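So you can see what is in the structure, the chains are spelled out below.
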Amino acid sequence: MKGNEAIAHAAIRYGADGYFGYPITPQSEILETLEELMPWETTGMVVLQAESEVAAINMVYGGASTGKAVFTSSSSPGVSLKQEGISYIAAGELPALIINVMRGGPGLGTIHPSQSDYFQATKGGGHGDYHLIVLAPASVQEMADFVGLGFDLAFKYRTPAMILADGIVGQMMEKVVLPPARPRRTDEEIARQCPWAVTGRAASRRHPNVETTLELDDERMEQNNLRFQRTYREIEANEVRFEEYYTDDAEYLMVAFGSIARICLKAIEDARERGMKIGLIRPITLWPFPKGQIEKLSRKVKGVLTVEINAGQMVEDVRLAVEGRVPVYHYGRMGGIVPNPQEVLDAFISHFPETARQ
Amino acid sequence: MTIEEIKQNGTVVACKPRLLNDNNMHYCPGCSHGVVHRILAEIIDEMHLDDNIIGVAPVGCAVFAYNYIDIDWIEAAHGRAPAVATAAHRLNPDRVVFTYQGDGDLAAIGTAEAIHAANRGENITIIFINNGIYGMTGGQMAPTTLEGMKTSTTPYGRRVDLNGYPLKISDLFAQLDGTCYVTRQSVHTPAAVRKAKKAIAQAFRNSIEKRGTSVIEIVSTCNSGWKMSAAQSNKWMEENMFPHYPMGDLKNTVK
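In this report, we go over the structure that sits alongside the text. Keep in mind that what you see is a predicted model, and the values were worked out from it rather than measured.

Attention shifts here to the overall build of chain B. Looking only at helices and strands, chain B has 10 helices and 9 strands in total. The C-alpha radius of gyration of chain B comes to 18 Å, within 12% of the 18 Å expected for a compact globule of 255 residues. Along the first, second and third principal axes, the C-alpha set of chain B runs to 60 × 45 × 35 Å. As displayed, chain B has an accessible area near 10,500 Å², and 53% of this comes from carbon and sulfur atoms. Looking at chain B, you have 24 positive and 25 negative side-chain charges, and the mean spots of the two groups are 5 Å apart.

In structure tokens form, the structure reads like this:
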């Protein structure tokens with residue numbers, strides 16, 4: 001099935017409580033599949049087509065405030081509209097899942113694939129000092145798997161998680177093993193797991209629960225900020241995820257996330273047949289970024305090429321990890337164009353011509 | 001006679017509602033918010049809803065509503081309360097969910113969320129405080145500001161050629177198939193307070209019976225924003241606001 005469809009199936013099987021979305025290419029299959037599967041008849045999951053992305057993300061804020069597992073999806077221009085709400089969800093220390101199946105921008109841009117929302121996803125996007133946990137799937141299987149992972153991490157750290165997919169992963173069809181189905185949490189389980197949840201049961205609890213992001217006492221607001229930052233440090237310490245290929249004997253390194261990482265892997269395998277020892281690191285969490293591993297590898301390779309379907313965004317984080325030890329270059333296409341393995345290899349050779357002469 | 005003795009004698013005719021806590025309200029003396037908060041606290045207690053209700057607070061003067069009434073609250077982003085309430089209710093269909101919004105929150109920045117929630121017939125109650133001005137930010141023009149009315153952003157009076165017309169958004173709500181009850185009330189006299197209280201109770205009953213969206217507009221005073229005394233504000237409201245925003249039901253399908 002398509003990556004977008006896998007997300008819909010996986011969410012129902014995870015026991016998600018609600019989805020709120022607004023159509024936009026290339027991710028509308030998520031809403032369409034959910035409407036077709038009618039989970040409200042089986043698991044009781046709520047599915048609602050909102051009047052806008054702004055409304056949808058605020059529905060997520062409202063649903064998450066009641067302790068429910070809720071999510072939304074969109075594509076780049078729509079995710080820009082959601083940024084205000086994402087900032088509130090982060091500030092409210094609420095678990096939620098946001099999916100961005102990226103298309104090319106800026107503006108309306110193109111409906112074709114892109115990775116140009118890396119900055120937006122990993123550096124904040126909305127206002128204020130906050131981070132999202134950002135997962136970058138490279139296959140339909142990971143689209144399905146990261147729904148559960150994203151929810152689990154969001155609830156573990158009480159912070160929003162984002163699946164940052166490119167349009168290729170959303171649209172391409174692959175075989176997928178769906179996660180086992182499990183029931184939605186009961187109200188009692190939610191009350192136990194989320195004692196902060198605004199469930200409307202103030203009298204039973206003997207104290208009201210209030211979900212607010214406002215704090216006009218500066219000392220207390222700074223304490224809130226420090227608490228958020230402690231959570232982020234904890235996530236950085238525990239949740240870095242990446243995959244490595246051929247790094248054991250690598251003399252050069254490529255860094256790529258999402259679907260382009262698979263194209264890079266093909267380029268690297270072709271290069272290895274020609275005796276060029278290139279390795280690949282594929283960050284799975286874009287935040288927290290696997291800077292430790294890249295730093296480690298930068299001590300043994302002669303150069304790094306970052307390949308992205310954008311003008312060069314993740315390359316900045318790679319450069320921060322490499323700290324000038326070896327040259328770091330970027331190769332990318334834009335406008336919805338995805339380079340093929342030969343183009344990636346040509347770009348690599350143009351930056352590191354010594355490798356072709358070996 | 002001590003307060004306890006008075007209570008024992010059954011002679012109490014008025015007291016602070018149980019759910020209204022002791023926090024000092026930040027509302028200006030004479031402002032309608034305090035009265036509406038009080039009747040809300042009374043109704044929630046009288047209808048035994050305090051274990052079954054979620055309030056959604058706006059951005060505006062009522063941003064701190066959650067500090068005063070001891071129920072569960074969600075503080076929404078500016079204008080988004082009806083979207084927040086939509087999900088809170090859909091995911092918790094046994095709860096009574098209401099929004100409490102001012103004119104800027106509901107009728108300007110949150111128009112889309114309010115109209116669409118009502119058009120979907122969400123089983124929520126919208127309490128809409130219309131005082132024709134932005135109180136919290138210091139008295140700027142609201143969508144409901146009357147023609148000729150002076151605010152800090154219409155220092156020479158609102159001109160319809162520049163700023164458009166005062167928005168009768170409750171009339172729009174009444175046109176939607178999703179609403180079951182749309183009424184315009186005030187709280188400036190004891191009789192008006194009793195009627196407004198009855199209207200809010202009716203709205204909560206509609207929500208419990210899942211009859212659709214109820215909208216209670218309360219035409220209100222903002223004496224500090226209007227730069228008048230509380231008494232002058234009440235008189236000014238009767239003479240100027242009521243002709244443009246007439247009192248009474250605009251729609252009631254539940255009679």
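This is not the end of the story, as more comes after the structure.
All names here are of chain A. Here helix H1 (residues 3–14) crosses helix H2 (residues 28–37) at 45°, and the two axes come no closer than 8 Å. Looking at the two axes, H1 sits oblique to H2. Viewed along their axes, H1 and H2 form a crossing whose handedness is right-handed. Of the residues in H2, those in contact with Asn-4, Glu-5, Ile-7, Ala-8, His-9 and Ile-12 of H1 are Glu-29, Ile-30, Thr-33, Leu-34 and Leu-37. Taken together, the residues of the contact of H1 with H2 sort by class into 6 nonpolar, 3 polar and 2 charged.

This paragraph deals with the side chain of B:Thr213. All names here are of chain B. Its place among the elements puts Thr-213 in strand S8 (residues 213–219). A residue is classified by how much of its surface remains accessible, and Thr-213, at 0% relative accessible area, is buried. A distance of 2.7 Å separates a polar side-chain atom of Thr-213 from the backbone oxygen of Glu-122.

Let us now look at the side chain of B:Asn21. All names here are of chain B. For Asn-21, the position within the fold is in the loop between helix H1 (3–8) and helix H2 (32–46). Here the side chain of Asn-21 touches Asn-23 through a polar contact of 3.1 Å, landing on its backbone nitrogen. For Asn-21, the contacting residues outside a window of four places in its chain are Lys-16, Asn-67, Tyr-68, Ile-69 and Asp-70.

Here the focus is the sheet that holds strand S3 (residues 70–74) of chain A. In space, the 7 strands of this open sheet follow the order S2-S1-S3-S4-S6-S5-S11 (chain A), with mixed pairing throughout. Each having just a single partner strand, strand S2 (46–49) and strand S11 (285–287) of chain A make up the two edges of the open sheet. Neighbour to neighbour, the strand axes of the sheet diverge by 20° on average, direction disregarded. Pairing of strand S5 (residues 133–135) of chain A with S11(A), which is carried by 2 bridges, proceeds in the antiparallel orientation. The residue bridging A:Val134 from the neighbouring strand is A:Trp287, located in S11(A). Along the sheet, helix H3 (residues 81–91) of chain B makes contact with strand S1 (18–21), S2 and S3 of chain A, crossing S2(A) at roughly 155°.

Turning our attention to the interface of chain B and chain A. Contacts between chain B and chain A engage 32 residues on the former and 37 residues on the latter. Here chain B packs against chain A, burying approximately 2,700 Å² in sum over the two surfaces, 60% of which is carbon and sulfur. Of all residues in chain B, B:Asp51, B:Asp72 and B:Leu91 bury the most surface against chain A, accounting for 24% of the area lost on that side. On the surface where chain B and chain A come into contact, there are 4 salt bridges.

Residue and element names in this part refer to chain A. The set of residues buried in H2 consists of Ser-28, Glu-29, Ile-30, Leu-31, Thr-33 and Leu-34. Against H1, S1, S2, S3, strand S4 (97–102) and helix H7 (167–171) lie the buried residues of H2. Positive backbone phi, at 45°, marks Met-38, one or two positions downstream of H2.

Looking along a regular strand, one sees side chains alternate from face to face of the sheet. Residues and elements named next belong to chain A. A large share of S3 lies buried, amounting to 5 of its 5 residues. The side-chain alternation of S3 yields two buried faces, one formed by Val-70, Thr-72 and Ser-74 and the other by Phe-71 and Ser-73. In terms of strand pairing, S1 meets S3 through 2 bridges, oriented parallel. Across the sheet, Gly-18 pairs through a bridge with Val-70, a residue of S3. As defined by bridge partners, S3 adjoins S4 across 4 bridges and the pair is classed as parallel. Paired with Thr-72 across the strands is Ile-98, a residue of S4. For the crossover that starts at S3, traverses helix H4 (residues 76–91) and ends in the parallel S4, the hand is right-handed.

Each value, and the rule that gives it
Residues numbered from 1 in each chain as written. Chains lettered and ligands numbered in written order. Predicted model: local features only at pLDDT ≥ 70, side-chain atom pairs only at ≥ 80, totals over all residues. Heavy atoms only, no water. Helix = DSSP H or I, 4+ residues; strand = E, 2+ residues; numbered from the N terminus. Rg over C-alpha atoms; globule rule 2.2 N^0.38 Å. Areas by Shrake-Rupley, 256 points an atom, 1.4 Å probe, with all protein chains shown as cover. Lys, Arg positive; Asp, Glu negative; His and termini not counted. Charge placed at Lys NZ, Arg CZ, Asp CG, Glu CD. Axes fitted to C-alpha atoms, helices over the stretch in contact; angles between N-to-C directions. Parallel < 35°, antiparallel > 145°, perpendicular 65-115°, else oblique. Left-handed = near helix turned anticlockwise from the far one by under 90°. Contact = heavy atoms within 4.5 Å. Nonpolar A, V, L, I, M, F, W, Y, C, P; charged D, E, K, R; others polar. Buried < 20%, exposed > 50% of the residue type's maximum accessible area, 1.4 Å probe, protein only. Polar contact = N/O pair within 3.5 Å; in protein donor to acceptor, adjacent residues only side chain to side chain. Pairing = 2+ DSSP bridges. Buried area = accessible area lost by both parts, 1.4 Å probe. Salt bridge = Lys/Arg side-chain N within 4 Å of Asp/Glu carboxyl O. Right-handed = clockwise from strand over helix to strand, strands pointing away.

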